[in-house]
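Architecture at a glance
What follows is the residue order along each chain.
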Amino acid sequence: MNERFNLVDEPWIPVVGHPRVSLKEIFSNPDLKALRGNAIQKLALLKLFLAVAQRAYTPLDDNEWQTSGSSVLAERCIRYLEERRDLFWLYGSNPFLQRPDLKNKKNLKGENIPVSSLGRDYLPDLASENDSILIESQREQKLTDAQKAVFIITLMNYSLGGKRVAKNIPPWTEGYTGKSTSAKGAPSIGNYEGYLSSHLIGSSIIETVWINLLTRTQLEKFPKWKHDRMIPPWEEMPKGEDDERARELKSSYMATLLAMSRFVLLKDDGIMYTEGLQYPSHKEGWRETFMTYSSGGKILWCNLAKKPWRNLPALVSASFSSGSSEFFCPQISLLLLRTRTVLDIVGIWSGGLKVRTTAGDTSVKQSDDYIDTHIFLATDNLGDSWYISLTEEMLALEKLSKSLWSASNKYFEEMGREKSTLKKKHSEKKTLLDNVLNMFWELCEHKSQDLVKYCNDTRKMKTIRRTFSDYAIDAYNKYCPRDTSKQLIAWAKHRSFIYSYLSVNTEEVVHAK
């Protein structure tokens, strides 16, 4: 196949407010503000840009990083891409992140590896044979070269574990016994529920890459990465699953940006798709700077019932001397205060894909979905007093939600004793209580940016607290009706939960709605 569609020059990257752009344009056009796509695609693409950037220019320390600025980084990246342009062909003798020798690889029965249909790009994996088609977007479509490029890059760190790979493929590395009928999931997806990933956001894509760039000094904080060669897989591909290069890739910082969890080859509008390198799980010590974890091995997972803004104190805790959270997100903790010196506003993005894993098969089912959220901070506010106020307000809001749950639970129990009114089974009551809290937190999310901005402004927080208390009453009123006299008595009896939250910052009490 002739070499065609070069990722350096061809438009393939989805961005907000623009047609797709090339890899070179990402580093040369400061008007490109943000990426389009789902949360996993955004993460995979940003990590690709960081892999290019770290290879092109890894500053020694923060002083060099600040002095050089985003413009020097952009120049180095453009120069690197121009010099290495021949490594970025999507098709040809050396296709990007692919294995051309798959064309000649046979399975244990002596058969060619099948070419699988590549008709969906919204999940980082192939469709299973028994997938149900529920909506039009699930139907297989012919992907463009641009979509195929995004798909391949997304696969490498975020492919789902399972049996959708080609079967009975002998290993490339002689004596390697790690292969099974169910391919291990990619390292960044998360083994059970999906890792929650976080990073900083700037005013443009190139600025976002710059403020997330690690220095050699920061890499030295991680013993495994202290002497990382920063050689991405497109420069030196592994020849097998367990050769010297494969072992290096599995333990390098570069692997957290661009892994090789699948060996693939685009062919005949489809893809040859096999398991690649097997990376360790978080239980086996896998860590990356985008993850949030504790020294005891606890991980923050994607939780659709608890959006990431509620975890903000944990994400930023290690940046402040007064921080006390057990969790640590290196991408935020190491870089937030450094960014304060160069930007007036900085964003924190958090997201991922909520998944579930059963017997080695990772899937997206029922209510599972992407999480894609961001919140912005004024850097001149960032300090210990702001962090302490933020933590106190978040704790108070969490306490309000627990009081709302308790009041609603007491209401349901009291009404359940009346045979003529509510007669709910335990599971039905749990659903009602979940609905109460979900409604409350969804309403609160609309004001989350105000809480973060004004948490240490007592006067403005009085107004914000009244708003949050209104949200709690709205949720209570919806699921705890007061249409009959008995309902009204129970409603009034348990509604007083709201007073303690308001009494902290204001003497006013909102009237009953």
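Summary of the structure given here. Since we're looking at a predicted model, the values are computed, not measured.

**Overview of helix α4 (residues 145-158)**
- For α4, which comprises 14 residues, the first-to-last C-alpha distance of 20 Å matches the rise-based estimate of 20 Å (1.5 Å per residue) to within 8%.
- With respect to burial, α4 is a largely interior element, 13 of its 14 residues being buried.

**Topic: the packing of aromatic side chains**
- Inspection of every chain in the model, using the stated rule, returns 20 aromatic pairs.
- Relative to Phe263, the ring of Trp172 lies with its centre 5.2 Å away and its plane at 90°, an arrangement referred to as edge-to-face. Here Trp172, found in the loop between α4 and β4 (197-201), pairs with Phe263, found in strand β5 (residues 262-267); they are 91 residues apart in sequence, far enough to count as distant. We note that Trp172, like Phe263, is buried.
- In textbook terms, an aromatic cluster arises when at least three aromatic residues are bridged by ring pairs, as seen for Tyr411, Phe412, Tyr476, Trp491 and Phe497.
- Cation over ring: Arg482 sits above Trp491, and NZ or CZ is 4.4 Å from the ring centre.

**Some details on the sheet that holds strand β12 (residues 370-378)**
- The strand order across the open sheet built from three strands is β4-β9-β12, with neighbouring strands paired in antiparallel fashion. Two strands in the sheet have a free side with no partner beyond their single neighbour: β4 and β12. Put simply, the sheet's adjacent strands are angled 20° from each other on average, direction ignored.
- Pairing between strand β9 (residues 345-353) and β12: nine bridges, direction antiparallel. The residue bridging Gly351 from the neighbouring strand is Asp372, located in β12.
- Relative to β9, helix α2 (residues 39-56) is tilted by about 120°, and along the sheet it contacts β4, β9 and β12.

**So, the environment of Gly351**
- Note on placement: Gly351 falls in strand β9.
- Considering only alpha carbons, one finds Gly351 and Gly383, 32 residues apart in sequence, at a separation of 25 Å.
- When residues no more than four places from it in sequence are discounted, the contact partners of Gly351 are Leu43, Tyr195, Leu196, Ser197, Cys302, Ile371 and Asp372.

**A few points about the environment of Lys267**
- Its place among the elements puts Lys267 in strand β5.
- In this structure the C-alpha to C-alpha distance between Lys267 and Arg247, which are 20 residues apart in sequence, comes to 28 Å.

**Focus on the side chain of Ser401**
- Within the element layout of this structure, Ser401 appears in helix α12 (residues 384-416).
- Given a relative accessible area of 5%, Ser401 falls into the buried group.
- In this structure the side chain of Ser401 is engaged in a polar contact, spanning 2.6 Å, whose partner is the backbone oxygen of Glu398.
- Once residues within four sequence positions are removed from consideration, Ser401 is found in contact with Leu437, Phe440 and Trp441.

**So, the pattern of salt bridges**
- Taken as a whole and assessed by the stated rule, the structure comprises 30 salt bridges.
- Its salt-bridge partner being Glu284, residue Lys184 comes within 3.5 Å of it at the nearest N-O pair. Highlighted residues: Lys184 in the loop between α4 and β4 and Glu284 in the loop between β6 (270-275) and β7 (293-294), separated in sequence by 100 residues.
- With a relative accessible area of 28%, Lys184 lands in the partly exposed category.
- You can call Glu284 exposed: its relative accessible area is 55%.
- Glu248 is the salt-bridge partner of Arg245, the closest N and O atoms lying 2.8 Å from each other. With Arg245 and Glu248 both in helix α7 (residues 244-251) and three residues apart, this pair spans about one turn of that helix.

**Some remarks on unusual backbone geometry**
- In this structure, Phe5 takes a positive phi of about 60° despite not being glycine.
- Here Phe5 lies in strand β1 (residues 4-6).
- The phi torsion at Leu97 lies on the positive side, around 60°, for a residue other than glycine.
- Tracing the chain through its elements places Leu97 in the loop between β2 (89-91) and β3 (116-117).

The rules behind each value
- Residues numbered from 1 in each chain as written.
- Predicted model: local features only at pLDDT ≥ 70, side-chain atom pairs only at ≥ 80, totals over all residues.
- Heavy atoms only, no water.
- Helix = DSSP H or I, 4+ residues; strand = E, 2+ residues; numbered from the N terminus.
- Expected span 1.5 Å × (residues − 1).
- Buried < 20%, exposed > 50% of the residue type's maximum accessible area, 1.4 Å probe, protein only.
- Phe/Tyr/Trp six-rings, centres within 6.5 Å; stacked < 30°, edge-to-face > 60°.
- Lys NZ or Arg CZ within 6 Å of the ring centre and 35° of its normal.
- Pairing = 2+ DSSP bridges.
- Axes fitted to C-alpha atoms, helices over the stretch in contact; angles between N-to-C directions.
- Contact = heavy atoms within 4.5 Å.
- Polar contact = N/O pair within 3.5 Å; in protein donor to acceptor, adjacent residues only side chain to side chain.
- Salt bridge = Lys/Arg side-chain N within 4 Å of Asp/Glu carboxyl O.

Interpretation in functional terms is not warranted from these geometric data alone.
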